[in-house]
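Descriptive analysis of the structure
Listed below, chain by chain, are the residues.
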Amino acid sequence: MFSSRNGRSVPQVGAEHVFLNQKDRYAMHTMSLTIHRLWGTMSERQQLPLYRVFIIRQGEGNLIIDTTTYVASEGMIFFTTPYQFVDGHWSTSTLNVMEITFHGDYYCIEYHKEEAACNGVLFNAMYMTPFVSVTERKREEIDYVLHFLEEALANRDRDTVKRSYLQLFLALCAAEK
């Protein structure tokens, strides 16, 4: 999804990909939001220029962020900032993780700090853990919002709708922390 501007190809604002395959999942431009599911194993060390959220739905193991190892299990949500190293080693083959990725140009956490209250709480929290453990009740609420976010992505709804669902998701997570 590219358009031509001044003779150069540039990505169109608002284009997104849902459920990308392994080869194509990071071939995104800076104005995107993606959701995809990781099944089976996650064992490649990655450093991306994106904000990333890992929602552990099933399975358990170790999630290594930079040089720190965290025990990850069902009901935990991890948050990483651009260029942090992420590596996962799972002790079960029944891994089910939803990963949300977005670029800072798509949703600026510093600009939206009043609405979502996630900068310094979920992201860029140097002296706090990079995860939240959610209760069953809160997990149902978060799943409800994520369902609508996935539908908005699949239906190619307006960016303002997708950003609103993302903001609501982040606000719910920040309130839980």
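Computed from a prediction, not measured in an experiment: that's the story for all the values here. Throughout this document, residue positions are counted from 1 along each chain, in the order its sequence is written. The predicted nature of this model means local features are confined to residues of pLDDT at least 70 and side-chain atom pairs, given and counted, to a pLDDT of 80 or more, with totals for whole chains, interfaces and linings taken over all residues. Hydrogens and water molecules were not included; the side-chain quantities draw on all heavy atoms of the structure.

Here the focus is the overall build of the protein chain. Regarding its fold elements, the protein chain presents 3 helices and 11 strands. Helical segments are the DSSP runs of H or I of at least four residues, strand segments are the runs of E of at least two, and each set is numbered from the N terminus. Each helix and strand of the protein chain, placed in order from N terminus to C terminus, yields the pattern β-β-β-β-β-β-β-β-β-β-α-β-α-α. Across the 177 residues of the protein chain, 46% fall into the buried class. Counted over contacts in the protein chain with a minimum sequence separation of 6, partners at least 24 positions apart contribute 68%. Type-normalised accessible area, obtained with a 1.4 Å probe on protein chains alone, sets the label of each residue: buried when under 20%, exposed when over 50%, and partly exposed for intermediate values. Any pair of residues with heavy atoms lying within 4.5 Å of one another is described as a contacting pair.

As a further point, take the sheet that holds strand S4 (residues 46–47). Two strands in a sheet stick together by hydrogen bonds in their backbones, pointing the same way (parallel) or opposite ways (antiparallel). When DSSP locates at least two bridges between a pair of strands, those strands are taken to pair. Spatial ordering of the open sheet is given by S4-S9-S6-S7, a layout of 4 strands whose pairing is antiparallel. The sheet terminates laterally at S4 and strand S7 (68–72), the two strands that pair on one side only. In this structure, strand S6 (residues 61–65) lies alongside strand S9 (residues 85–90), joined through 5 bridges in antiparallel fashion. By the bridge assignment for S9, Ile 64 is matched with Asp 87.

Given the number of residues in a helix, its expected span is that number minus one, multiplied by 1.5 Å. Counted at 1.5 Å a residue, the expected span for helix H2 (residues 136–154) with its 19 residues is 27 Å, and the 26 Å between its end C-alpha atoms agrees. Every buried residue belonging to H2 is among Lys 138, Arg 139, Ile 142, Val 145, Leu 146, Leu 149, Glu 150, Ala 152 and Leu 153, and all of these are buried. Buried residues of H2, viewed axially, fall in a sector of 155 degrees; they line one side. Counted as exposed and oriented over 90 degrees from the buried face of H2: Arg 137, Glu 140, Tyr 144 and Ala 154. Note that the arc is computed from the directions linking the helix axis to the C-beta atoms.

What follows concerns the pairing of S7. Relative to S7, S6 is paired through 5 bridges, and the arrangement is antiparallel. Bridge pairing in S7 links Ile 64 to Thr 69. The hairpin turn running from S6 into S7, its antiparallel successor, is 2 residues long, and Asp 66 in that turn takes a positive phi close to 55 degrees.

On average, residues of the protein chain carry a pLDDT of 75, and 69% of them reach 70 or more. For every residue, the pLDDT score states the predictor's confidence, bounded by 0 at the bottom and 100 at the top. Between residues 1–30, whose pLDDT stays under 50, and residues either more than four places distant or in other chains, the model counts 58 contacts.

So, about the packing of aromatic side chains. Planes of paired rings set the category: under 30 degrees apart is stacked, over 60 is edge-to-face and the rest tilted, where pairs are Phe, Tyr or Trp rings (Trp by its six-membered ring) whose centres lie within 6.5 Å. In the structure shown here, the tally under the stated rule is 6 aromatic pairs. The interplanar angle of 15 degrees and the centroid separation of 5.3 Å between the aromatic rings of Tyr 51 and Phe 102 together place this pair among those described as stacked. With a gap of 51 residues between them, Tyr 51 in strand S5 (residues 51–58) and Phe 102 in strand S10 (residues 95–102) connect regions that are remote in the sequence. Aromatic pair Tyr 70 and Phe 131: ring centres 5.9 Å apart, planes at 70 degrees, arrangement edge-to-face. Within this pair, whereas Tyr 70 is found in strand S7, its partner Phe 131 is found in strand S11 (residues 131–133), the two being separated by 61 residues in sequence. Across the pair, exposure class does not vary: Tyr 70 and Phe 131 are buried alike. Ring-pair connections join several aromatic residues into one group, and the members of that group are Tyr 70, Phe 78 and Phe 131.

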